[in-house]
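# Inside the fold
Take a look at the letters that make up each chain.
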Number of protein chains: 2
Amino acid sequence: MTSPEPTPDAKTTQGSGAADAPNTAARDASDAADLVITHCTALVHDEREQIGFVEDATIVVRDGRIETVAAGPLDLPAAERIDARGQVAMPGLVNCHTHTPMVTLRGIAEDLPVEQWFNEFVWPIESNLQDRDVELGARLACAEMIRGGVTCFADHYFSMDTVAAVTAGSGLRANLGQTFFSSQGAAGRERSLDFALRHRDTAGGRITTSLAPHAPYTVDEADLAATALLAREHGLPVHLHASENRDQCDASVARDGRTPIEVLAGAGLLDTDLLIAHGTGIVERDLPVLARATGRIAVASAPRGYLKFAWPTTTPVRALRALGIPVGLATDGAASNNSLDVWESMALTALVQKFTGADPRRLTSREALHHATLQSARAVGLGDRIGSLAPGRRADIVLVDLTGPHTQPVHDLAATLVHSARSGDVRTTIVDGRVLMRDRELLTLDVPSVVQEMNERMPALIDRGHGRRVQEYGT
Amino acid sequence: MTSPEPTPDAKTTQGSGAADAPNTAARDASDAADLVITHCTALVHDEREQIGFVEDATIVVRDGRIETVAAGPLDLPAAERIDARGQVAMPGLVNCHTHTPMVTLRGIAEDLPVEQWFNEFVWPIESNLQDRDVELGARLACAEMIRGGVTCFADHYFSMDTVAAVTAGSGLRANLGQTFFSSQGAAGRERSLDFALRHRDTAGGRITTSLAPHAPYTVDEADLAATALLAREHGLPVHLHASENRDQCDASVARDGRTPIEVLAGAGLLDTDLLIAHGTGIVERDLPVLARATGRIAVASAPRGYLKFAWPTTTPVRALRALGIPVGLATDGAASNNSLDVWESMALTALVQKFTGADPRRLTSREALHHATLQSARAVGLGDRIGSLAPGRRADIVLVDLTGPHTQPVHDLAATLVHSARSGDVRTTIVDGRVLMRDRELLTLDVPSVVQEMNERMPALIDRGHGRRVQEYGT
């Protein structure tokens, strides 16, 4: 350790050089990348957004961004190195619509129609919700997502100051919105705006925000129109549930002759940057309405819950894509989906689109990966920052181990990723260049302590004896 | 270590006692259980086959069988102990219909209709198949299944002597059948019988066998009738594909006025112990035919592939159950399913039955677990040996870790197992009391060496330049 020469391993350089040769060390430190990932297969997009793979790639990360994705080794110093042999590096998954604190209710209301699920379980229990419940739920959810290769999520819930604090601490990226109902009066909308303004671009830019009306069936048209005005005034996107299922669409048409999408158009929301959750009730007549939108419209699809609730349709991915509308992958909350496993959403999106479209050629693995990467990034308003391993993008990267027997041999790497790999194959999760999980070990969250306190608080949380509900479900 | 008294840890007792006090040691050794699993939550069935859970259970294994499943600790010596705190012990999963060596072709023919999949890829490639390819594929498949909590599988393929040898070495349990087509003449059927007779009840009883005609669309009725006679003469079950999809059913009716199930009935196969793979083309008029069967009929369902091939229907689980027909879980081969993940089949069976039945109350988690346990055991003809953690049954047990963030908290343990847990949560896999995987480490198979040789052989295997096929797909 006497040589003052820089070495390829910057840890060594900084460790010994700093004392022995300050000038060299300083020069090395400024040159050193923050993170270099070597010997991986990198999932990249070409200029037409076609997905390809770079073999034996090196990825260089500096200041939270991807600086280089190159084939072959690069001999340069780095503060941290990861040898990712046998692993695929890909953009972190994005959970485009969830309610993180609902992991607390995972499995509490099973095998029920959505009406009973809401009215008899979820909304009575949510009337007991305390900030501490939200905090514990969000922590558990962040742990689950990091372990499942999710690096960014769009959350729509209550007590979002708490969720923002947990997100900041977890190291994840998120777009957060404070849910409101018209039953809360103007105060609900104002709190949603206040939250969005206070938290916008916080946590070093990792947190962005949206206005978050619940849905056209719980927020009246005046409130929706006021939200659209606020969105334009403040340059904020809007995230809401709409046309979640066909019943909601039919009920809306029966009520005032318009579909939920037409209601959104009437309120001016299609002229904002709008993320629509679910949209399985989007019908043929909605398509020209969506085509006329001047805002950036996206839809988040969480297909597992649609199967579980036995909804008759799924998100019309093909029709939306034909309009250029990105369809991002999502899990919804774990109280309906039972997990926050976006990897599963990716596979199920492919399978369900083939099945409901009666065509096995539909939604190929490469298309599924496009949904999982660029389309999901766009859905949460981050299409220029994440979603691709390209120089200049934020370094939100997951490393997926393909050495397991269930992912070998590899004839078609896209198919291996979509149809054979599982969320549990993610070994390392990186956001903004910071490693949040290394070799399956969580570095920013402690699960056992969260679960223990959650279980202590559970009896008070799930008590439904009071007969209250935060809202009434009726399409 | 001077006390001659038996201790709860038989390893210690045997280690020290054997030299110091032979008589005591001999007594201890004969008393010692082979394996004791402590502090687990045990999935059990009551006398009405309802699924329940025993908290803080101890499971005692002796001579390959379950001797005791008891609540609380049991103080007895054991050759091997597993502390399974935070884990659920459940019967190992059964893959009721697969083609293990086809893992070699995982991902080679994607996003295609079944006709193209067979005629352009699988059957041309299978004409190149050598015993060594089968051996490597079977080894990789066994590794994947052990890691996914599968302890038994029903395999229907070529070169089954080789698969039997791999199965024996892997430690898994299996029902094996040598596939035949009528295009092979009488020799195909004779080889299938010869295989079944030679391998029946081998590998210490872990291997059972079936006659294995391919399907009514590749095996003519005379051959099917001859198979039924052989089955009765030799007391062998029959395993075949039938009414795999609605097209096959329609084509059969158009051809000679009978559905594939009616063809099986005409051939006498419904009066044998018969395992039907898939059956998504089973129609209303088949139900009374199945109801009149005098053999033990079962159906294996592999729902992922049906979605992927965009078949219009799925296995009619509810109608079959109404007839008392067990429906076991399966993956089919990995060339269509992309994995041998029976855990996923369990969850997808629940989700798809809800969706296709338009009722979220269908196929609850407890029902899914009943399919995964007793019904799957019955489907492969082992209903009295496996499928339940009950005294006297073979000790085919998996330990599932529920401490991960995605499986917490637990409100409904059946739902947690079916809808939140994943195959990768299986930590330990035990067959006949022998540990085949401990803490995710495979003890009987080496994956890297298999994958390396498989990849070396791959160019010759997947060459389709010769223009041959083992068979022609046409319903």
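Residues numbered from 1 in each chain as written. Chains lettered and ligands numbered in written order. Predicted model: local features only at pLDDT ≥ 70, side-chain atom pairs only at ≥ 80, totals over all residues.

## Observations concerning the overall build of chain A
- Helices and strands together make up the secondary structure of chain A, namely 17 helices and 17 strands.
- Its C-alpha atoms give chain A a radius of gyration of 23 Å, near enough to 23 Å, the size a compact globule of 475 residues would have.
- In terms of its C-alpha atoms, chain A occupies a principal-axis envelope of roughly 80 × 50 × 45 Å.
- For chain A, the proportion of its 475 residues judged to be buried stands at 59%.
- In chain A, the share of contacts with a sequence separation of at least 24, taken over all contacts with a separation of at least 6, comes to 71%. (Helix = DSSP H or I, 4+ residues; strand = E, 2+ residues; numbered from the N terminus. Rg over C-alpha atoms; globule rule 2.2 N^0.38 Å. Buried ≥ 20, exposed ≤ 12 C-beta atoms within 10 Å, placed from the backbone. Contact = placed C-beta atoms within 7 Å.)

## Examining the pairing of strand 11 (residues 274-278) of chain A
Residue and element names in this part refer to chain A.
- Where burial is concerned, most of strand 11 is hidden: five out of the five residues are buried.
- As paired strands, strand 10 (residues 238-242) and strand 11 are joined by five bridges and run parallel to one another. Paired with H241 across the two strands is A277, which belongs to strand 11.
- As defined by bridge partners, strand 11 adjoins strand 12 (residues 297-301) across four bridges and the pair is classed as parallel. What sits directly across from L274, in strand 12, is I297.
- As a crossover connection, the stretch from strand 11 through helix 10 (residues 286-291) into strand 12 is right-handed. (Pairing = 2+ DSSP bridges. Right-handed = clockwise from strand over helix to strand, strands pointing away.)

## Focus on the nonpolar core
- Formed by 286 residues in total, the largest nonpolar core has its most connected members in I59(A), A89(A), I59(B) and A89(B).
- Leave out the neighbours within four places in its chain, and A89(A) touches I37(A), C40(A), A42(A), L43(A), A57(A), I59(A), A84(A), L389(A), I397(A) and L399(A). (Core = buried A, V, L, I, M, F, W, Y, C linked by C-beta atoms within 7 Å.)

## Considering the pairing of strand 14 (residues 397-401) of chain A
Residue and element names in this part refer to chain A.
- Within strand 14, four of the five residues are buried, which leaves it mostly tucked inside the rest of the structure.
- Relative to strand 14, strand 5 (residues 87-91) runs antiparallel, the two sharing five bridges. Paired with P91 across the strands is I397, a residue of strand 14.
- Judged from the four bridges that link them, strand 14 and strand 15 (residues 426-431) form a sheet pairing that is antiparallel. Looking across to strand 15, one finds that L399 is bridged to T428.

## Considering the relation of the copies chain A and chain B
- Note on the copies: chain A fits chain B at an RMSD of 0.0 Å, the axial shift is 0.0 Å, and the rotation between them is 180 degrees. A rotation of that kind, with that shift, is consistent with a two-fold axis. The position closest to the rotation axis in chain A is occupied by the C-alpha of G424(A), lying 3.3 Å away.
- A share of 100% of interface residues in chain A that are also interface residues in chain B marks the association as one of identical surfaces. (Least-squares fit on C-alpha atoms with pLDDT ≥ 70 in both.)

## So, the sheet that holds strand 11 (residues 238-242) of chain B
Residues and elements named next belong to chain B.
- If you walk across this open sheet you meet the four strands as 11-12-13-14, and the pairing is parallel. Strand pairing shows two members of the sheet lacking a second neighbour, strand 11 and strand 14 (327-329), which therefore form its edges. This sheet shows a mean twist of 30 degrees between the axes of neighbouring strands, independent of strand direction.
- As defined by bridge partners, strand 13 (residues 297-301) adjoins strand 14 across three bridges and the pair is classed as parallel. When the sheet's bridge partners are listed, S301 is paired in strand 14 with L329. (Axes fitted to C-alpha atoms, helices over the stretch in contact; angles between N-to-C directions.)

## A look at the packing of helix 4 (residues 131-147) of chain B against helix 5 (residues 160-170) of chain B
All names here are of chain B.
- Following both chains from N to C, one finds helix 4 and helix 5 inclined at 35 degrees, their axes separated by 9 Å at the closest point. As for the relative orientation of helix 4 and helix 5, their crossing is right-handed in sense. Mapping the contact onto sequence places D131, V134, E135, A138, R139 and C142 in helix 4 and T162, V163, V166, T167 and S170 in helix 5. (Left-handed = near helix turned anticlockwise from the far one by under 90°.)

## What about the confidence of the model for chain A?
All names here are of chain A.
- Summarising the model, chain A shows a mean pLDDT of 93, and 94% of its residues fall at 70 or more.
- With pLDDT under 50 throughout, residues 1-27 is counted as low confidence; its partners more than four residues away or in other chains account for 32 contacts.
- Scoring the predicted complex yields pTM 0.94 and, for the interface, ipTM 0.93. (pLDDT = per-residue confidence, 0-100.)

## What to know about the domain arrangement of chain A
- Looking at the assigned domains, one finds that chain A contains domain 1 (1-31) and domain 2 (93-410).
- Each of domain 1 of chain A and domain 2 of chain A has a C-alpha centre, and these two points are 47 Å apart. (Domains from an automatic or database assignment.)

## Remarks on the interface of chain A and chain B
- With 51 residues of chain A at the contact, the number on the chain B side is 51 residues.
- The leading source of residues in the side of chain A that touches chain B is helix 17 (residues 447-462) of chain A, at five residues.
- Tallied by class, residues from the side of chain A that touches chain B come to 22 nonpolar, 16 polar and 13 charged. (Nonpolar A, V, L, I, M, F, W, Y, C, P; charged D, E, K, R; others polar.)

## Examining the packing of helix 6 (residues 186-199) of chain B against helix 7 (residues 221-234) of chain B
All names here are of chain B.
- Their axes nearest at 11 Å, the elements helix 6 and helix 7 cross at an angle of 20 degrees. By the criterion of interaxial angle, the relationship of helix 6 to helix 7 is roughly parallel. Considering only the axes of helix 6 and helix 7, their crossing is right-handed. Residues R189, L193 and L197 of helix 6 pack against D223, A226, T227, L230 and H234 of helix 7. (Parallel < 35°, antiparallel > 145°, perpendicular 65-115°, else oblique.)

## What to know about unusual backbone geometry
- The step from Q408(A) to P409(A) runs through a cis peptide bond, and the omega angle for that step is -15 degrees.
- With phi around 40 degrees, L363(A) is a residue other than glycine that occupies positive phi space.
- Among the structural elements, L363(A) can be located in the loop between helix 14 (342-356) and helix 15 (365-379).
- The buried category is assigned to L363(A), around which 23 C-beta atoms lie within 10 Å.
- At D439(B), a position not held by glycine, the phi torsion is positive, near 50 degrees.
- Of note, D439(B) is situated in the loop between strand 17 (434-438) and strand 18 (441-442).

## Description of helix 6 (residues 186-199) of chain A
Residues and elements named next belong to chain A.
- Counted at 1.5 Å a residue, the expected span for helix 6 with its 14 residues is 20 Å, and the 20 Å between its end C-alpha atoms agrees.
- Along helix 6, the residues that are buried comprise G188, R189, S192, L193, F195, A196 and H199. Seen from one end, helix 6 has its buried residues packed into an arc of 160 degrees, which puts them on one side. Across from the buried face of helix 6, at angles greater than 90 degrees, the exposed residues are A186, A187 and R198.
- One or two positions beyond helix 6, positive phi appears at D201, with a value near 55 degrees. (Expected span 1.5 Å × (residues − 1). Arc of directions from axis to C-beta.)

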